[in-house]
Every structure is written in structure tokens, then in C-alpha cells.
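Next come the chains, spelled out residue by residue.
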Amino acid sequence: QVQLVESGGGLVQAGTSLRLSCAASGRTYSDYVMGWFRQAPGKDREFVGGITGTGGSTDYLDSVKGRFTISRDNAKNMVYLQMNSLKPEDTAVYYCAAAIGHSEPYVPKSRYRYLYWGQGTQVTVSS
């Protein structure tokens with residue numbers, strides 16, 4: 001069982017940066033692929049990015065490549081999403097999620113591959 005708690009959301013202006021954090025419980029945290037998803041009102045939840053257990057491989061949604069960076073600290077059971085050059089279309093509730101059973105360097109993009117989810121944190125980008 002893994003429990004995930006996100007933090008760091010807020011209201012920011014376009015062009016600025018924000019860093020989301022996700023704290024995870026569990027003794028085998030490094031076995032999990034960690035992903036970030038987002039869901040805007042009226043839209044499906046979409047994959048934003050993910051990172052393998054060792055941190056050796058990452059993958060991103062095309063529209064955030066070059067702007068967002070995922071990292072993890074296995075010693076602290078933390079995963080981060082650094083978001084730069086934010087745009088109004090990045091506005092959504094952002095969720096942290098954990099998947100298990102995937103070998104490096106594979107990062108699943110389907111939400112159905114992720115077993116555990118946080119409660120979400122709101123990110124609002126004003127123009």
C-alpha cells in the first residue's frame with residue numbers, strides 16, 4: 001500500500017514557475033514508477049510525465065516537454081514536478097500516482113497502469 005500526498009499548487013501568472021511535490025509512504029518506494037497527471041474541468045485526466053524507480057528514465061506529454069521536469073528523491077520518498085513557463089492551458093488539478101511492475105526504462109502513460117493516487121492539487125495559471 002502506498003499513500004501519496006501532493007502539495008505546491010496555487011495561482012500563478014503565465015510565464016512563471018511552480019514546483020509540485022508528492023510525498024509517498026511505503027518501504028519499497030523505489031520499486032514504483034511515479035507519474036504526474038492532470039485534469040482540467042470537462043476534460044479527461046491526462047498523463048503529464050513519469051519517472052522510473054531509479055530515476056533513470058522519464059517521459060513527458062509533448063506539450064510540456066522542455067518546460068516541465070520530473071525528479072525524485074528515493075531517500076526522502078519524494079517526487080517533484082518542476083513547471084516552468086506556465087501557460088493558462090496548464091490550469092488543472094494535478095495528481096501524483098504510483099505504478100508497480102514495470103521494468104526500466106518503461107514509463108506507462110495510461111492512467112489505468114497506476115494503482116495509487118493522491119488527492120490532487122490545484123494549479124491555476126492566469127493570463
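Before reading further, recall that the structure is shown in the block above.
Computed from a predicted structure; not experimentally measured.

Caption draft 1: Structural detail: the overall build of the chain. Scanning the chain from terminus to terminus reveals zero helices and 11 strands. Listed N to C, the secondary structure of the chain is β-β-β-β-β-β-β-β-β-β-β in terms of helices and strands. Against the 2.2 N^0.38 benchmark of 14 Å for 127 residues, the chain shows a C-alpha radius of gyration of 13 Å, consistent with a compact globule. Along the three orthogonal principal directions, the C-alpha set of the chain runs to about 40 × 25 × 25 Å. By residue count, 46% of the 127 residues in the chain fall in the buried class. As displayed, the chain has an accessible area near 6400 Å², and 47% of this comes from carbon and sulfur atoms.

Caption draft 2: Examining the pairing of strand 8 (residues 78-83) more closely. The buried fraction of strand 8 is high, at five of six residues. Where strand 3 (residues 18-24) and strand 8 come together, six bridges link them in antiparallel fashion. Note that in strand 8 the partner of cysteine 22 across the bridge is valine 79. Across six bridges, strand 7 (residues 68-73) lies against strand 8 in antiparallel orientation. The partner of serine 71 across the bridge, within strand 8, is tyrosine 80. Linking strand 7 back to strand 8 in an antiparallel pair, the connection comprises four residues, with asparagine 77 at a positive phi of about 55°.

Caption draft 3: Structural context of the state of the cysteines. Scanning the entire structure with this criterion turns up one disulfide. With a sulfur-sulfur separation of 2.1 Å, cysteine 22 is cross-linked through a disulfide to cysteine 96. Handedness here is read from the sign of the S-S torsion; for cysteine 22 and cysteine 96, about -80°, the answer is left-handed. Here cysteine 22 is found in strand 3, whereas its partner cysteine 96 is found in strand 9 (residues 92-99), with 74 residues between them in sequence. Owing to a relative accessible area of 0%, cysteine 96 belongs among the buried residues under this scheme.

Caption draft 4: Local environment of the sheet that holds strand 8. Read from one edge to the other, the open sheet built from four strands follows the order 1-3-8-7, with strand pairing classed as antiparallel. Looking at strand neighbours, the two that pair on one side only are strand 1 (4-7) and strand 7, the edges of this open sheet. Pairwise comparison of adjacent strand axes, ignoring direction, gives a mean angle of 15° for this sheet. Sheet topology note: the strand 1/strand 3 ladder contains four bridges and is antiparallel. Of the residues in strand 3, the one forming a bridge with serine 7 is serine 21.

Caption draft 5: Region of interest: unusual backbone geometry. Here the bond from glutamate 104 into proline 105 is cis, since omega is 0°, no more than 30 degrees from zero. If you trace the backbone, proline 105 turns up in the loop between strand 9 and strand 10 (116-117). Look at asparagine 77: it is not a glycine, yet its phi comes out positive at around 55°. Along the chain, asparagine 77 turns up in the loop between strand 7 and strand 8. The backbone of serine 85 shows a phi angle near 50°, a positive value even though the residue is not glycine. Looking at serine 85, the relative accessible area reads 40%, which means it is partly exposed.

Rules used throughout
Residues numbered from 1 in each chain as written. Predicted model: local features only at pLDDT ≥ 70, side-chain atom pairs only at ≥ 80, totals over all residues. Heavy atoms only, no water. Helix = DSSP H or I, 4+ residues; strand = E, 2+ residues; numbered from the N terminus. Rg over C-alpha atoms; globule rule 2.2 N^0.38 Å. Buried < 20%, exposed > 50% of the residue type's maximum accessible area, 1.4 Å probe, protein only. Areas by Shrake-Rupley, 256 points an atom, 1.4 Å probe, with all protein chains shown as cover. Pairing = 2+ DSSP bridges. Disulfide = S-S within 2.5 Å. Axes fitted to C-alpha atoms, helices over the stretch in contact; angles between N-to-C directions.

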